[in-house]
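An overview of the molecular structure
Okay, here's what each chain looks like letter by letter:
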Amino acid sequence: MCISIDDLPTVSRVYRTVAGQDSLTDRLLAQLKRHNVPAIGFVVGEKLMSQSQPDSSQLRLLTRWLEAGMELGNHTFAHLGYNTLSAAAYQQDVAGADTLLRPLLQAANRRLRYFRHPYLQRGNTVSKRDSLVRYLASQQYVEAPVSIDNADYLFSAAYDVALLRKDSALASSVGKQYVDYMLACVHYYEAQADSLFRRSIAHVLLTHANTINSQYLGDILARLTAEGYQFVSLHEALQDPAYQSQDDYVRNGGISWLHRWALTQGKRGVFFKGEPDVPAAINALATGQ
């Protein structure tokens with residue numbers, strides 16, 4: 001399994017100061033290193049800016065990812081969904097992050113190779129999808145798919161609320177539910193892959209550089225290790241032939257590549273049942289409803 005982490009450098013309502021972002025990054029990287037995970041983090045370019053200039057404190061956070069042996073990828077500049085933009089505007093957004101990331105990686109003798117679509121939107125028409133595919137290939141990017149999708153961002157939003165309330169019991173409850181939920185998502189998509197390919201495949205797990213993962217990602221990794229998973233780079237995961245499967249999906253929703261492949265193969269209805277739900281209480285806490 002590849003562990004991919006979106007929205008770098010950080011996304012948190014709690015850890016918003018430079019010191020807080022340092023702390024979040026420290027904890028996240030420590031858990032990855034403890035479990036020997038060669039993760040990839042996808043960077044949102046505008047998070048690196050302050051008053052229209054590159055922010056040295058944010059760039060230092062990325063340098064620490066590289067020093068820890070992790071890979072970095074492009075997650076666009078403004079993290080806008082492709083469905084809301086023209087192909088040309090979206091390409092400019094990709095390029096905006098590229099101009100910030102390539103010099104940073106080159107200085108570390110590393111290469112910028114992978115692109116992750118915000119909201120997993122790859123194009124809601126054939127022409128937009130094909131335009132993006134051609135553009136990314138022309139810029140020597142490999143698209144970074146997701147096989148295991150989830151709503152970790154809702155759990156982290158709820159966890160942030162609990163911490164801001166200084167309610168440690170609530171925070172602990174959210175955290176424990178989160179770990180169980182993420183394992184349930186892994187099991188669901190694992191079963192989907194088994195059904196679709198009649199074998200186990202190398203998975204790519206979507207997570208975010210958020211508050212709850214800075215505390216609980218290690219628990220998830222420990223449980224995955226106990227279940228027999230080994231952690232590999234994105235390059236290694238993508239060697240699985242499953243990732244060469246035909247993908248004809250061009251609708252609005254951003255969904256797992258497993259579901260894209262399944263829809264392309266004509267799967268409907270019952271095939272998709274059983275995806276874990278976010279508990280209503282967690283959703284309410286996260287959204288303030």
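Model, not experiment: these values are computed from the prediction. Per-chain numbering applies: the sequence of each chain, read as written, is numbered from 1 onward. Given that the model is predicted, a residue must reach a pLDDT of at least 70 before its local features are reported, and side-chain atom pairs must reach 80 or more before they are shown or counted; all residues, however, enter totals for whole chains, interfaces and linings. Hydrogen atoms and water are omitted, and side-chain values are computed over all heavy atoms in the structure.

What about the packing of aromatic side chains?
Ring geometry is summarised as follows: Phe, Tyr and Trp rings, the Trp one being its six-membered ring, pair when their centres sit within 6.5 Å, and such pairs are stacked at plane angles under 30 degrees, edge-to-face over 60 and tilted between the two. The tally for this structure, following the rule as stated, stands at 10 aromatic pairs. The interplanar angle of 35° and the centroid separation of 4.7 Å between the aromatic rings of F155 and Y181 together place this pair among those described as tilted. Here Y181 lies in helix α6 (residues 168-197) and F155 lies in helix α5 (residues 152-164), a separation of 26 residues in the sequence. For the pair F155 and Y181, one class covers both residues: buried. With 5.4 Å between their ring centres and 80° between their planes, Y243 and W261 make a pair best called edge-to-face. Residue Y243 is found in the loop between α8 (234-237) and α9 (257-264), and its partner W261 is found in helix α9; the two are separated by 18 residues along the sequence. Taken as a pair, Y243 and W261 share a single burial class, namely buried. Here the aromatic residues Y82, Y90, F115 and Y141 are joined through ring pairs into a cluster of three or more. Strands here mean DSSP runs of E at least two residues long; helices mean DSSP runs of H or I at least four residues long; both are numbered from the N terminus. Using a 1.4 Å probe on the protein chains alone, a residue whose accessible area is under 20% of its type maximum counts as buried, one over 50% counts as exposed, and one in between counts as partly exposed.

Things to note about the pairing of strand β1 (residues 2-11)
When you tally the buried positions in β1, you get nine out of 10 residues, the bulk of the element. Both β1 and strand β8 (residues 204-210) contribute to a ladder of six bridges, which runs parallel. Within β8, the position partnered with D6 by the bridge is H208. We call two strands paired when DSSP finds no fewer than two bridges between them. Direction of pairing for β1 relative to strand β2 (residues 40-43): parallel, over a ladder of three bridges. Considered in β2, the bridge of S4 is made with I40. In this fold, β1 hands off to helix α1 (residues 18-34), which returns the chain to β2; that crossover is right-handed. A clockwise path from the first strand over the helix to the second, with the strands pointing away from the viewer, defines a right-handed crossover.

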